[in-house]
Amino acid sequence: MKKSHIISDRVVFSPRDIDNRFCPIQNNTGLETFILGAFNPALTRLPNGNLLLMVRVAESVREPITKGKFRYIRWSPEQGYVVEAHPTFQLDTTDPRKFRFLEYNHIKVFGLTSFSWLLPVELSADAHRIIRIHYDKIIQPQKSYQEYGIEDPRITPINGRYYMTTCSVSSERHSTTLYVSDNGLDYDLIGIIMDHQNKDIVLFPERIEGKYYALTRPLGELYFTTPGNSKYLPGTSINLAESPDLLHWKPVDTPYIRPHQDSLISLKIGGGAPPIKTDRGWLILFHGVDKCGPIGCYRTFYALADLNHPEIILKIDDKHPVLESDPVLTKAFADLIYLDRVVFTTGISETTDRYIVASGELDLVCRSTQIDKHYFF
């Protein structure tokens, strides 16, 4: 049953919309591949009024296991796309998205079952129709720190330019990288802006009191317990950082958005869509993960931050999801589904009376949801 605040809700792009002839790994290695998912899209409004989805495309080897070895892809500046193989008995493949190398006992070392690159998809102004898939503008690795792919873009227009943050994955580091465009379609790689395993970086769309701000989410394997009477849970949190130039970032000292004891968030929390300015404050859509299944249940929640002092949270609702995974939307893709109970919001645009929200559904397809603005205020 559709929630009252949702005006429309649909799958707007899927692996079936992609022409495999343009898939870079298949073209460069000669291996037969398939699209595991087309999901977690950035969303922005182009100068012509149409919307742009910057889609994360996860390309996988069609037959990854051969002769007792698991085949996966990496990229290097010298060789391009390279096929690696590893004995299956040394791998933990419980998570369909990644595998763990069991020979490393002192640390957790992972590989990915797919390799992600970015595909610009132009939609109609209402996000209902695909206008053009820009295969000529695919974003692939350029640097060694993108060895295992480029993931989860977010696009924020600032002063007439488009700034896109992405997660770059490699054995060197797990970093946030920045791209810049003047037209929303053609992006230049600027480089790493955060390298301490920081994911889900989303930029505010303007300077506030002379500073740029961003939501950050550093990862880690070590967390300390909260006091016994604390309303918070230990673990990941959404932090706030400030910068004079979008390149050099300092974390704000005070805590920002943390999982609560009595919320629907117990495993992980992180940024979603770039904050959007409203009369009541900065609207922030973020994701929270609760315990269920092998990877948890991903849902979208919201908060409001003060316009002039974004470090101040005015309101937060982490008990009533804005979005949850909807099996009805993906019924037609039953043969492709490999996860459940995941919605991961990554973009937002607006019209007069509604927000157009872009999400990844089940790490499989792109979901477009139109939400009544009155729901938040």
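Refer to the structure above for everything that follows.
Model, not experiment: these values are computed from the prediction. (Residues numbered from 1 in each chain as written. Predicted model: local features only at pLDDT ≥ 70, side-chain atom pairs only at ≥ 80, totals over all residues. Heavy atoms only, no water.)

A.B. asks: Please clarify how the overall build of the protein should be interpreted in this entry.
C.D. replies: Of regular secondary structure, the protein possesses one helix and 27 strands. Taking 2.2 N^0.38 as the reference for a compact globule, 377 residues should give roughly 21 Å; the C-alpha atoms of the protein span a radius of gyration of 20 Å, in line with that estimate. For the protein, the spread of C-alpha atoms along the three principal axes comes to 60 × 55 × 45 Å. Buried positions account for 55% of the 377 residues belonging to the protein. Counting contacts in the protein only where the partners sit at least 6 residues apart, residues at least 24 apart contribute 55% of the total. (Helix = DSSP H or I, 4+ residues; strand = E, 2+ residues; numbered from the N terminus. Rg over C-alpha atoms; globule rule 2.2 N^0.38 Å. Buried < 20%, exposed > 50% of the residue type's maximum accessible area, 1.4 Å probe, protein only. Contact = heavy atoms within 4.5 Å.)

A.B. asks: Looking at this structure, how should I read the side chain of serine 237?
C.D. replies: Along the polypeptide, serine 237 turns up in the loop between strand 17 (212-216) and strand 18 (239-243). At 3.0 Å, the side chain of serine 237 forms a polar contact with the side chain of asparagine 239. Setting aside residues up to four positions removed in sequence, serine 237 forms contacts with Thr216, Arg217, Pro218, Ile257, Arg258 and Ile269. (Polar contact = N/O pair within 3.5 Å; in protein donor to acceptor, adjacent residues only side chain to side chain.)

A.B. asks: Is there a simple way to explain unusual backbone geometry in this structure?
C.D. replies: Most peptide bonds are trans, and most residues other than glycine sit at a negative phi. We note that asparagine 40 has phi near 45 degrees; this positive angle belongs to a residue other than glycine. Within the secondary structure, asparagine 40 sits in strand 2 (residues 33-45). Its identity is not glycine, yet glutamate 209 carries a phi of approximately 50 degrees, on the positive side. Within the fold, glutamate 209 resides in the loop between strand 16 (202-203) and strand 17.

A.B. asks: Help me understand the sheet that holds strand 2, please; the structure alone is not making it clear to me.
C.D. replies: In a beta sheet, neighbouring strands pair by backbone hydrogen bonds and run either parallel or antiparallel. Overall, antiparallel pairing links the four strands, which are arranged 2-3-10-11 in an open sheet. Every interior strand has two partners, whereas the edge strands, strand 2 and strand 11 (130-133), have only one. Taking each pair of neighbouring strands and ignoring which way they run, the sheet shows an average axis angle of 30 degrees. The pairing of strand 3 (residues 51-61) with strand 10 (residues 115-123) spans nine bridges and is antiparallel. The residue of strand 10 that forms the bridge with valine 55 is leucine 119. (Pairing = 2+ DSSP bridges. Axes fitted to C-alpha atoms, helices over the stretch in contact; angles between N-to-C directions.)

A.B. asks: Mind showing me how you'd approach the pattern of salt bridges here?
C.D. replies: In a structure, side chains of opposite charge can pair up when their charged atoms sit close to one another. Going through the model one piece at a time under the given rule, you end up with 25 salt bridges. In this structure, the salt-bridge partner of lysine 137 is aspartate 186, at a minimum N-O distance of 2.8 Å. Of this pair, lysine 137 sits in the loop between strand 11 and strand 12 (150-158) while aspartate 186 is found in the loop between strand 14 (174-181) and strand 15 (188-194), placing the two residues 49 residues apart along the sequence. One salt-bridge network, in which partners are shared between bridges, spans Asp9, Glu361 and Arg367. (Salt bridge = Lys/Arg side-chain N within 4 Å of Asp/Glu carboxyl O.)

A.B. asks: Would you mind going over the state of the cysteines with me for this structure?
C.D. replies: The bond known as a disulfide is covalent and runs between the sulfur atoms of two cysteines. Counted by the stated rule, this structure contains one disulfide. Free cysteine: cysteine 167, not disulfide-bonded; nearest cysteine sulfur from cysteine 366 at 17 Å. Between cysteine 366, a free cysteine, and cysteine 23, which holds the nearest cysteine sulfur, the sulfur-to-sulfur gap is 14 Å. The buried category is assigned to cysteine 366, whose relative accessible area is 0%. (Disulfide = S-S within 2.5 Å.)

A.B. asks: Sorry, what's going on with the pairing of strand 14 here?
C.D. replies: Each regular strand displays side chains that alternate between the two surfaces of the sheet. Burial of strand 14 is extensive: eight of the eight residues sit out of reach of the surface. A two-sided burial pattern is seen for strand 14, the buried positions comprising His174, Thr176, Leu178 and Val180 on one face and Ser175, Thr177, Tyr179 and Ser181 on the other. Strand direction decides the pairing type here: strand 13 (residues 161-169) and strand 14, joined by eight bridges, are antiparallel. Each residue of the ladder has a partner; that of tyrosine 162, found in strand 14, is serine 181. What sits between the antiparallel neighbours strand 13 and strand 14 is a turn of four residues. The pairing of strand 14 with strand 15 spans five bridges and is antiparallel. Following the sheet pairing, tyrosine 179 is matched in strand 15 by leucine 189. Where strand 14 folds back on strand 15, the antiparallel hairpin that results is connected by six residues, among which glycine 184 adopts a positive phi of roughly 85 degrees.

A.B. asks: How should I be thinking about the nonpolar core in this particular structure?
C.D. replies: As a rule of thumb, nonpolar side chains are buried together in soluble globular proteins. Judged by nonpolar contacts, the single largest core of 22 residues is most densely connected at Phe13, Ile18, Leu53, Val55, Leu119 and Val121. Counting only elements with at least two residues in this core, the list comes to strand 1 (6-13), strand 2, strand 3, strand 10 and strand 26 (354-361). Apart from the residues within four sequence positions on either side, valine 121 is in contact with Phe13, Leu51, Leu52, Leu53, Val55, Ile130, Arg132 and Ile133. The next biggest cluster of nonpolar side chains, apart from the first, holds 18 residues, and it includes Leu215, Tyr256, Phe286 and Phe301. (Core = buried A, V, L, I, M, F, W, Y, C linked by side-chain atoms within 4.5 Å.)

A.B. asks: I tried to follow the sheet that holds strand 7 (residues 91-92) on my own but got confused; where do I start?
C.D. replies: Read across the open sheet, the three strands follow the order 7-8-9; overall the sheet is antiparallel. Of all the strands in the sheet, just strand 7 and strand 9 (110-112) have a single pairing partner and so form its edges. Two elements, strand 8 (residues 98-101) and strand 9, share three bridges in a ladder whose sense is antiparallel. Considered in strand 9, the bridge of arginine 100 is made with phenylalanine 110.

A.B. asks: How should empty space enclosed by the protein be read in this particular structure?
C.D. replies: If you roll a probe as big as a water molecule over the atoms, it shows you where there is empty space left. Taken as a whole, this structure holds two cavities of 30 Å³ or more when the rule is applied. Residue assignment for the lining of the largest cavity shows that the elements contributing at least two residues are strand 12 and strand 13. Residue composition of the lining of the largest cavity, by class: two nonpolar, four polar and five charged. Looking at the second largest cavity, its volume works out to about 30 Å³. What lines the second largest cavity is simply Pro234, Gly235, Thr236, Pro259, Ile265, Ser266, Leu267, Lys268 and Ile269. Partitioning the lining of the second largest cavity into residue classes produces five nonpolar, three polar and one charged. (1 Å grid on protein atoms, 1.4 Å probe; cavity = no way out; pocket = protein on both sides within 12 Å on 5 of 7 lines; lining within 4 Å. Points joined across faces, edges and corners; volume = space filled by probe spheres on them. Nonpolar A, V, L, I, M, F, W, Y, C, P; charged D, E, K, R; others polar.)

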